[in-house]
Amino acid sequence: MELLIRNGRVVDSATRTDETLDILIRDGKIAGVSPRIEVRAREVIDAARLVVVPGLIDMHVHLREPGYEAKETIATGSRAAAKGGFTTICAMPNTDPVNDNLRVTGQILAEAARTSPVNVLPIAAISKGSRGEELVDMVGLSEAGAVAFSDDGRPVAGSRFMKLALEAAKALGALVIDHCEDRDLSGAGVMHEGEHSRRLGLRGIPASAEEVMVARDLILARELATRVHIAHLSTAGSLLALRTAKDQGVPATAEVTPHHLLLTDAALEGRDPDFKMNPPLRSREHVEALVAAVRSGLIDVIATDHAPHTAEEKGRGLEKAPFGIVGLETAVPLLLDRLVHKKVISLGRFVELLSANPARLLGLRNKGRIAVGADADLTILNLAKLGTIDKNAFESKGRNTPFDGWKLKGRAVMTIVGGKVVYPFDYVPAAKAGGNA
Ligand SMILES: [Zn+2]
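What counts, and at which threshold
Residues numbered from 1 in each chain as written. Predicted model: local features only at pLDDT ≥ 70, side-chain atom pairs only at ≥ 80, totals over all residues. Heavy atoms only, no water. 1 Å grid on protein atoms, 1.4 Å probe; cavity = no way out; pocket = protein on both sides within 12 Å on 5 of 7 lines; lining within 4 Å. Points joined across faces, edges and corners; volume = space filled by probe spheres on them. Nonpolar A, V, L, I, M, F, W, Y, C, P; charged D, E, K, R; others polar. Helix = DSSP H or I, 4+ residues; strand = E, 2+ residues; numbered from the N terminus. Donors = N, O, S within 2.8 Å, 3.2 Å for Na, K, Ca; no water. Buried < 20%, exposed > 50% of the residue type's maximum accessible area, 1.4 Å probe, protein only. Pairing = 2+ DSSP bridges. Contact = heavy atoms within 4.5 Å. Axes fitted to C-alpha atoms, helices over the stretch in contact; angles between N-to-C directions.

*Asks:* Teacher, can you tell me more about empty space enclosed by the protein here?
*Replies:* A water-sized probe, rolled over the atoms, reveals where empty space remains. Here the structure, examined in full by the defined rule, presents three cavities of 30 Å³ or more. Quantified by volume, the largest cavity comes out at close to 60 Å³. Taken together, His-179, Cys-180, Glu-181, Ile-205, Ala-209, Glu-210, His-232, Asn-278, Pro-279, Pro-280 and Arg-282 form the lining of the largest cavity. A per-class count over the lining of the largest cavity returns five nonpolar, three polar and three charged. Of the volumes computed, that of the second largest cavity is approximately 40 Å³. For the second largest cavity, the full set of lining residues is Pro-258, His-259, Thr-304, Ile-325, Val-326, Gly-327, Thr-330, Ala-331, Leu-334 and Phe-403. Elements represented by at least two residues in the lining of the second largest cavity include exactly α9 (258-262) and α12 (331-340). A class-by-class count of the residues in the lining of the second largest cavity yields six nonpolar, four polar and no charged.

*Asks:* So what exactly am I meant to see when it comes to unusual backbone geometry here?
*Replies:* Generally, phi is negative for residues other than glycine and the peptide bonds are trans, each holding for most cases. A cis amide bond links Asp-96 with the next residue in sequence, Pro-97, at an omega value of 5°. Here Pro-97 is to be found in the loop between β7 (86-91) and α2 (102-115). In this structure, the amide linkage connecting Tyr-423 to the following residue, Pro-424, adopts the cis form with an omega of 5°. Here Pro-424 shows up in the segment after β18 (420-423).

*Asks:* Got a minute to help me understand the coordination of the zinc ion in this structure?
*Replies:* Note on metal sites: the ideal angle is 109.5 degrees for four tetrahedral donors, and 90 or 180 degrees for six octahedral donors. The zinc ion binds to the protein through Asp-152 (OD), His-179 (ND1) and His-232 (NE2); the donor distances cover 2.0 to 2.2 Å. Here the donor residues of the zinc ion share one chain and are spaced in sequence as D-x26-H-x52-H. One end of the pair, Asp-152, is in the loop between β9 (148-149) and α4 (159-172); the other, His-232, is in the loop between β13 (228-230) and α8 (236-247), with 80 residues separating them in the sequence. Overall, Asp-152 belongs to the buried group, its relative accessible area being 3%.

*Asks:* Would you mind going over the sheet that holds β9 with me for this structure?
*Replies:* Whenever strands of a sheet pair, they do so through backbone hydrogen bonds, lying parallel or antiparallel. Spatially, β6-β7-β8-β9 is the arrangement adopted by the four strands of the open sheet, whose pairing is parallel. The open sheet has two edge strands, β6 (56-61) and β9, and neither has a second partner. Looking at chain direction, β7 and strand β8 (residues 119-124) are connected through four bridges and run parallel. Across the sheet, the residue bridging to Ile-89 is Val-120, located in β8. Those strands touched by helix α13 (residues 347-362) are β6, β7 and β9, and its axis lies near 65° from that of β6.

*Asks:* It is not clear to me how the layout of surface pockets should be interpreted in this structure. Could you clarify?
*Replies:* The calculated volume of the largest pocket comes to roughly 430 Å³. Lining the largest pocket are 25 residues; nearest its centre among them are Gly-153, His-179, Arg-183, Asn-278 and Phe-323. Tallied by class, the residues present in the lining of the largest pocket amount to seven nonpolar, eleven polar and seven charged. By volume, the second largest pocket amounts to about 290 Å³. Lining the second largest pocket are 17 residues, and of these Glu-329, Pro-333, Thr-388, Ile-389 and Arg-411 lie nearest its centre. Mapped by element, the contributors of at least two residues to the lining of the second largest pocket are α1 (74-84), α12, β16 (378-388) and β17 (407-417).

Structure below.
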């Protein structure tokens, strides 16, 4: 099986590449990258005027299976990923049952092997049942395929327990991803605490609810000289703590979501539950600080926190609806239009945030770069393509997006996983495009 991608603008942060190149794929691996590859390949893709980047990796996705298949399944969520340009997604463990054991991890991997067009990598819970009391079998789960550990959705409340988890992960070289939220402070809040929550008469979630836990984690990581990854960082104070920790040499990292970069809490004035997520949309000062941190390099990763819910659940009104929005099919157009085209970040930085850095943090040695021997996971982008977000056209079961109707420039037009074109779904290899002999 040979596939030749011709004349694409190849952008790869790992190898600092940005030039027009051919890419040869053989047996699921990249077999050649050079300005002109003379080979009569069975299959040829003309990528002229398109951008070829290492396959995008979303390290924060809720696939909901097992247990919440009305919201999403591994099959539907992974199709949404393929369409959105992601070749690898990491599945958070807050399913039912919680992915805290080998059986659930095995079940997720088996279902993904059967139905998913993309790589699905399970993230296991930190604690049994995500109750924050007893550590999972980190060694066994790592061997079974868990790429990281997180109690996302049910934050680790106990500091002593968090320290124990970080120590165990350190011994194993595993990554702990923490959803930083002090539930004592966030309580029954539904949106960011500030001017808008007060005007709407809604209970607020203060920035401090996140910041005290980010500070705690960074202090523990410093004390233990170990890694910790902050999920969906959303406040200026969290950034300040991260900056300080990194300056001190703490190997801490953090991700932000597209929605926290593009929307403020003012959007809640319409009381639409599709703007309700956790952490909540923050005020302008926080958003500006996040954008600056994405630009400066302080932030390591952009992840979607794809969190599908049913229309019925989201239809319960702002106060009762569950937190979360979908993101797999909107992230790339949003980021290309609002960050890359507006020159907030370069394409190279986009690749770093969405492929190279997540691959490095998760220890995926053969992903996140376009080089001979690497996995042939590639995303092809059309930067000029105009489109409108249409939630009714989503592959995801979730329609809960605040971006419906947004007109955006740029999107993923082809997704290649292990040398196989998995999107467009109706792709037929060009009939012997003749190689280039
Ligand atoms: Zn979370």
